[in-house]
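Structural overview for review
Okay, here's what each chain looks like letter by letter:
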Amino acid sequence: LEDLLHRHHLDKATDVALNGDSAGGLATFLHANYVGYFLTTHAPKLQRFKVFPESGFFLDAPNGYGERIWGTQMRLAAELFNAKEGLDAHCVEAKGRQ
């Protein structure tokens, strides 16, 4: 976002669409609130911000052993990649260590 702000004049944007597919679609779900807040604080002319994830909704369905591991994998990945700063703080607080 900082790169878009400085090199591509994101601060002058009036309309922004956030889009992704597969893992990028999941990222749009996870980061939409953060990106929206960033835009409201850095793009004063912003009139519309829309999010269009094309796919990327991964269900916590049981694996081949009948275990539900998706949530645990995502929590561990967020910790491993130090990615919690990009997650919605209210969601993290509400879910705790789930």
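Residues numbered from 1 in each chain as written. Predicted model: local features only at pLDDT ≥ 70, side-chain atom pairs only at ≥ 80, totals over all residues. Heavy atoms only, no water.

This next bit is on the overall build of the protein chain. The secondary structure content of the protein chain amounts to 4 helices and 2 strands. Of the regular secondary structure in the protein chain, the N- to C-terminal order runs α-β-α-β-α-α. At 16 Å, the protein chain has a C-alpha radius of gyration far larger than the 13 Å of a compact globule built from 98 residues. Across its three principal directions, the C-alpha atoms of the protein chain cover 50 × 25 × 20 Å. At a minimum sequence separation of 6, the contacts of the protein chain that also span at least 24 residues come to 64%. In the form shown here, the protein chain has an accessible surface area of approximately 7400 Å², with 57% of it arising from carbon and sulfur atoms. Computed over 10 positive and 12 negative side-chain charges, the separation of the two mean positions in the protein chain equals 3 Å. (Helix = DSSP H or I, 4+ residues; strand = E, 2+ residues; numbered from the N terminus. Rg over C-alpha atoms; globule rule 2.2 N^0.38 Å. Contact = heavy atoms within 4.5 Å. Areas by Shrake-Rupley, 256 points an atom, 1.4 Å probe, with all protein chains shown as cover. Lys, Arg positive; Asp, Glu negative; His and termini not counted. Charge placed at Lys NZ, Arg CZ, Asp CG, Glu CD.)

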